[in-house]
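Listed below are the residues making up each chain.
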Amino acid sequence: MIPYSRQDIDERDIKAVSRTMRSDWLTQGPETEKFERSLAGYCGAKYAIAVANGTAALHAAYVAAGIKKGDEVITTPLTFSATSNMALAVGAKVIFADIDEKTGNLNPAEVARKITKRTKAIVVVDYGGNPVDLRAFRALAKKHSLVLIEDAAQALGATYRGRKIGSVADMTTFSFHPVKSITTGEGGAILTDRKDYADTLRLFRTHGIRKGNPKHPAWHQEMLLLGFNYRLTDMQAALGSSQLRRLNTFITKRRAAASRYFKLLKGSRLILPPEDSLRSSAWHLFPIRISRGQVKRRDEVFAGMRRRGIGVQVHHVPVHLHPYYRSLGYKKGLCPKAEQFAASEISLPLYPSITEREQRFIVKTLLQLLG
Ligand SMILES: *Cc1c(COP(=O)(O)O)cnc(C)c1O
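A. Spatial organisation of the sheet that holds strand E5 (residues 147-151). Here seven strands make up an open sheet; going across it, the order is E1-E9-E8-E5-E4-E2-E3 and the pairing mixed. Two strands close off the open sheet at either side, each with one partner strand: strand E1 (47-51) and strand E3 (93-96). Strand-to-strand twist in this sheet, taken as the mean axis angle between neighbours without regard to direction, amounts to 20 degrees. Both E1 and strand E9 (residues 188-192) contribute to a ladder of five bridges, which runs antiparallel.

In structure tokens form, the structure reads like this:
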């Protein structure tokens, strides 16, 4: 079986984790601080706050942005459901805006149409690792005094106009799940330049409890907000730092594999991801789409690939079409472009160690099945 994605772990990663296991710290400690500094440095952001996973990172970012009951959050339906789930978790109303069908990313004009007096934040998602039009979203957020949060779970290592993702939005969240750019098993982080956000994010990660106020005795602690235990362990952070050293190599390999897909698929009737994102995307996914006339054959082609041992996936089920979201009143037809995109999409296997031979087999099988 060729998986759709897989981690890349080497001996240095294993040594880094075992070294930490022999140290005095297992949960959040010096390795976490080191990882946060490296991550902030890599992305060019002032603060990085490491947390238990990418979902916790979104939850924390929404709390730091002050999103509350009654607020509206505008986001894309073409994402993993955690993006909007955590907005629901803080009591917000989720407003889905439609995508640009060329990229699968939120369309700024569609977002602009959905801004109301209640809108508090825009949450953009870099679909497949390809950055959204951040300049347009920043302008929109500024004009309406909204917080711009970037769910870059798929885009660590990507760049936007020469700047690393993680340094552009008000807050950027990452995931270190094994299929993402780097892994810590489970893990996530929030990057920001704002100290007030960073302070709240750190509090939220540890129950909202502050310790070490010099005005009080050493035992003193005070709970300032309703937080969670969203800590990353130092074992995971050590793995994260070790992985981060190879991030650029991972991205280069992913890009080379994407470039091979473009070559192998040249002249086919498939709709390919934008080739002009070759150098800027983190290439989390290589999302192809079946051309209009053949869309009905997507599931048959998908099943045929799986039968031949190719781990294709569909990214994503439009969030508003999940039964839970339908039970909240969201309906089919809300975001027609995202729905059409998802109905015709297949993600081809893409990860740093994929070989040209595997890619040739994948493309040959795909083209044969399409007939
Ligand atoms: C992976 C992912 C998440 C969730 O990250 P976890 O670490 O699995 O919690 C959120 N949003 C997007 C877009 C993702 O791809």
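B. Quick peek at the pairing of strand E2 (residues 72-75). Taking every second residue as pointing to the same face, both faces of E2 are buried, with Glu72 and Ile74 on one and Val73 and Thr75 on the other. Across four bridges, the pairing between E2 and E3 is parallel. Residue pairing across strands places Glu72 opposite Lys93, the latter belonging to E3. Following the backbone out of E2, through helix H4 (residues 82-89) and into the adjacent parallel E3, one traces a crossover that is right-handed.

C. Spotlight on the domain arrangement of the chain. Structurally, the chain comprises domain 1 (11-97 + 104-244) and domain 2 (247-370). Look at where the C-alpha atoms of domain 1 and domain 2 centre, and you get two points 26 Å apart. Each partner contributes to the roughly 2,400 Å² buried at the junction of domain 1 and domain 2, and carbon and sulfur atoms together form 59% of this total. The interface formed by domain 1 and domain 2 contains 17 residue pairs in polar contact (both at pLDDT 80 or more). Secondary structure elements with two or more residues in the side of domain 1 that touches domain 2: H4, E3 and helix H8 (234-244).

D. Local environment of the packing of aromatic side chains. Applying the stated criterion across every chain, the model contains 13 aromatic pairs. Pairing Tyr325 with Tyr330 gives two aromatic rings, centres 5.8 Å apart and planes at 55 degrees, and the pair type is tilted. A residue is classified by how much of its surface remains accessible, and Tyr330, at 15% relative accessible area, is buried. Ring pairs connect the aromatic residues Phe96, Tyr324, Tyr325 and Tyr330, which therefore count as one cluster. Lying across the ring of Tyr197, Arg194 places its NZ or CZ 4.1 Å from the centre.

E. Examining the packing of helix H2 (residues 30-43) against H8 more closely. Where H2 contacts H8, the two axes come as close as 8 Å, and the packing angle between them is 30 degrees. With respect to each other, H2 and H8 are oriented roughly parallel. Judged by the sense of rotation from one axis to the other, the crossing of H2 with H8 is left-handed. For the pair formed by H2 and H8, the contact residues are Pro30, Glu31, Thr32, Lys34, Phe35, Ser38, Leu39 and Tyr42 on the first element and Asp234, Ala237, Ala238, Gly240, Ser241 and Leu244 on the second. Along the lines of polarity and charge, the residues of the contact of H2 with H8 split into seven nonpolar, four polar and three charged.

F. Geometry of helix H6 (residues 134-143). Taken residue by residue, H6 has Leu134, Phe137, Leu140 and Ala141 as its buried positions. Along the axis of H6, the buried residues cluster in a sector spanning 125 degrees; they form a single face. Those residues of H6 that are exposed and angled more than 90 degrees off the buried face are Arg135, Lys142 and Lys143. Turning to H6, the residues buried within the fold contact helix H5 (108-113), strand E4 (119-125), E5 and strand E6 (159-160). Phi for Ser145, located one or two positions after H6, is positive at around 50 degrees.

G. Structural context of the site of the ligand. Taken together, 13 residues are adjacent to the ligand, and Gly54, Thr55, Asp151, Ser175 and Lys180 come closest. Note that an oxygen atom of the ligand is positioned 2.7 Å from one of the backbone N or O atoms of Gly54. At 2.7 Å from an oxygen atom of the ligand is found a side-chain nitrogen or oxygen belonging to Ser175. Burial of the ligand by the surrounding chains reaches 91%, relative to a free accessible area of 390 Å². Taken together, the residues of the shell around the ligand sort by class into three nonpolar, eight polar and two charged.

H. Examining the packing of helix H9 (residues 247-264) against helix H13 (residues 356-370) more closely. Two elements in contact, H9 and H13, have axes separated by 10 Å at closest approach and are oriented at 40 degrees. Put simply, H9 runs oblique to H13. For the pair H9 and H13, the sense of crossing is right-handed. For the pair formed by H9 and H13, the contact residues are Ala257, Arg260, Tyr261 and Leu264 on the first element and Glu356, Gln359, Arg360, Ile362 and Val363 on the second. In terms of residue class, the contact of H9 with H13 is built from five nonpolar, one polar and three charged.

Cut-offs applied
- Residues numbered from 1 in each chain as written.
- Predicted model: local features only at pLDDT ≥ 70, side-chain atom pairs only at ≥ 80, totals over all residues.
- Heavy atoms only, no water.
- Pairing = 2+ DSSP bridges.
- Helix = DSSP H or I, 4+ residues; strand = E, 2+ residues; numbered from the N terminus.
- Axes fitted to C-alpha atoms, helices over the stretch in contact; angles between N-to-C directions.
- Buried < 20%, exposed > 50% of the residue type's maximum accessible area, 1.4 Å probe, protein only.
- Right-handed = clockwise from strand over helix to strand, strands pointing away.
- Domains from an automatic or database assignment.
- Buried area = accessible area lost by both parts, 1.4 Å probe.
- Polar contact = N/O pair within 3.5 Å; in protein donor to acceptor, adjacent residues only side chain to side chain.
- Phe/Tyr/Trp six-rings, centres within 6.5 Å; stacked < 30°, edge-to-face > 60°.
- Lys NZ or Arg CZ within 6 Å of the ring centre and 35° of its normal.
- Parallel < 35°, antiparallel > 145°, perpendicular 65-115°, else oblique.
- Left-handed = near helix turned anticlockwise from the far one by under 90°.
- Contact = heavy atoms within 4.5 Å.
- Nonpolar A, V, L, I, M, F, W, Y, C, P; charged D, E, K, R; others polar.
- Arc of directions from axis to C-beta.
- Near = heavy atom within 4 Å.
- Areas by Shrake-Rupley, 256 points an atom, 1.4 Å probe, with all protein chains shown as cover.

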